[in-house]
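Chain by chain, the residues:
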Amino acid sequence: MSEAVKNHNSFVGYEYKEITVSRTMESVHADCYENFGWTLEGTSQPIQGISSVALKFKRDRKIRNKAELTRLQRQLDACIRDVEMLEKSKTTSAAVAAFSLGIVGTAFMAGSVFAYIGGLTALSVILAVPAFAGWIIPYFSYMTIRQKRTAAVAPMIDEKYDEIYEICEKANTLLG
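In this report, the structure presented in the accompanying data block is examined. (Residues numbered from 1 in each chain as written. Predicted model: local features only at pLDDT ≥ 70, side-chain atom pairs only at ≥ 80, totals over all residues. Heavy atoms only, no water.)

Some details on the overall build of the protein
On a plain count of helices and strands, the protein comes out with 4 helices and 3 strands. In sequence order, the secondary structure elements of the protein are arranged as α-β-α-β-β-α-α. In terms of overall dimensions, the protein is more spread out than a globule: its C-alpha atoms have a radius of gyration of 27 Å, far above the 16 Å expected for 176 residues. Each principal axis of the C-alpha distribution contributes one length, and for the protein these read about 100 × 35 × 20 Å. (Helix = DSSP H or I, 4+ residues; strand = E, 2+ residues; numbered from the N terminus. Rg over C-alpha atoms; globule rule 2.2 N^0.38 Å.)

In structure tokens form, the structure reads like this:
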């Protein structure tokens, strides 16, 4: 009978959480959530595609300071979303500029083709020069804009990571 009582007292009820995150932020979530009492149970491939992963966590339902941990966890999730948005912003404006230049180059090429079909060879050659430039320059403009944006965003990303680590540190002390 004492074994039955002993096993009954060691019962732990768990709460479960499954989140879908980008593969680039998988390790950040796994590491940070440990500080909130969560234990990584496993990962799986979600329906959304190969660029994301589903993380499955569990933790004790009767964890101390649960309300404060939940509040801090919301802050953590917001900071991680901010980091993801800043990472995406590195390439977004560069891609828009490159696509725009490519479309302008294609319009010039269309004009060049129509001019050639119409028998205006000189105009066709004149329009072909900016057309080819409009197909070559987008690569270099993409690289330049992305480098400038990366340099501008890097300090903000570092600040967000510092904020993430401070939140995790506070959560860890609440568990302790």
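More follows now that the structure is in view.
Quick look at unusual backbone geometry
If a residue is not glycine, its phi is most likely negative; likewise, a peptide bond is most likely trans. For Asn65, which is not glycine, the phi torsion reads 55 degrees and is therefore positive. Under the relative-accessibility criterion, Asn65 is labelled partly exposed at 39%. (Buried < 20%, exposed > 50% of the residue type's maximum accessible area, 1.4 Å probe, protein only.)

A closer look at the packing of aromatic side chains
Working definition: an aromatic ring pair is given by the centre-to-centre distance plus the angle between the planes. Across all of its chains, the model carries 7 aromatic pairs by this definition. Between Phe132 and Trp135, the ring centres sit 5.8 Å apart and the planes meet at 85 degrees, which makes this aromatic pair edge-to-face. Pair noted here: Phe132 and Trp135 are both in helix α4 (residues 121-175), with a separation of 3 residues, about one helical turn. We classify Phe132 as partly exposed; its relative accessible area is 45%. Trp135 sits in the partly exposed class, given a relative accessible area of 43%. Members of the aromatic cluster, joined through ring pairs, are Tyr33, Phe36, Trp38 and Phe57. (Phe/Tyr/Trp six-rings, centres within 6.5 Å; stacked < 30°, edge-to-face > 60°.)

A few points about the pairing of strand β3 (residues 52-60)
Counting buried residues along β3, 7 of its 9 residues qualify, which places the element largely inside the surrounding structure. As judged from the 9 bridges shared by strand β1 (residues 14-22) and β3, these two strands associate in the antiparallel manner. Within β3, the residue paired with Val21 across the bridge is Val53. Pairing of strand β2 (residues 39-44) with β3, which is carried by 5 bridges, proceeds in the antiparallel orientation. (Pairing = 2+ DSSP bridges.)

Looking at the layout of surface pockets
Reported here for the largest pocket is a volume of approximately 190 Å³. Residue lining of the largest pocket: Ser22, Thr24, Met25, Glu84, Glu87 and Lys88, and that is the complete set. Of all the elements, helix α3 (residues 66-117) adds the most residues to the lining of the largest pocket, at 3 residues. Among the residues forming the lining of the largest pocket, the class breakdown is 1 nonpolar, 2 polar and 3 charged. (1 Å grid on protein atoms, 1.4 Å probe; cavity = no way out; pocket = protein on both sides within 12 Å on 5 of 7 lines; lining within 4 Å. Points joined across faces, edges and corners; volume = space filled by probe spheres on them. Nonpolar A, V, L, I, M, F, W, Y, C, P; charged D, E, K, R; others polar.)

What about the sheet that holds β1?
Here 3 strands make up an open sheet; going across it, the order is β1-β3-β2 and the pairing antiparallel. Of all strands in the sheet, those with a lone pairing partner are β1 and β2, marking the two edges. This sheet shows a mean twist of 25 degrees between the axes of neighbouring strands, independent of strand direction. With respect to the sheet, helix α2 (residues 26-34) is in contact with β1, β2 and β3, its orientation differing from that of β3 by roughly 5 degrees. The strands touched by α3 are β1 and β3; relative to β3, the strand with the most contacts, the crossing angle is about 165 degrees. (Axes fitted to C-alpha atoms, helices over the stretch in contact; angles between N-to-C directions. Contact = heavy atoms within 4.5 Å.)

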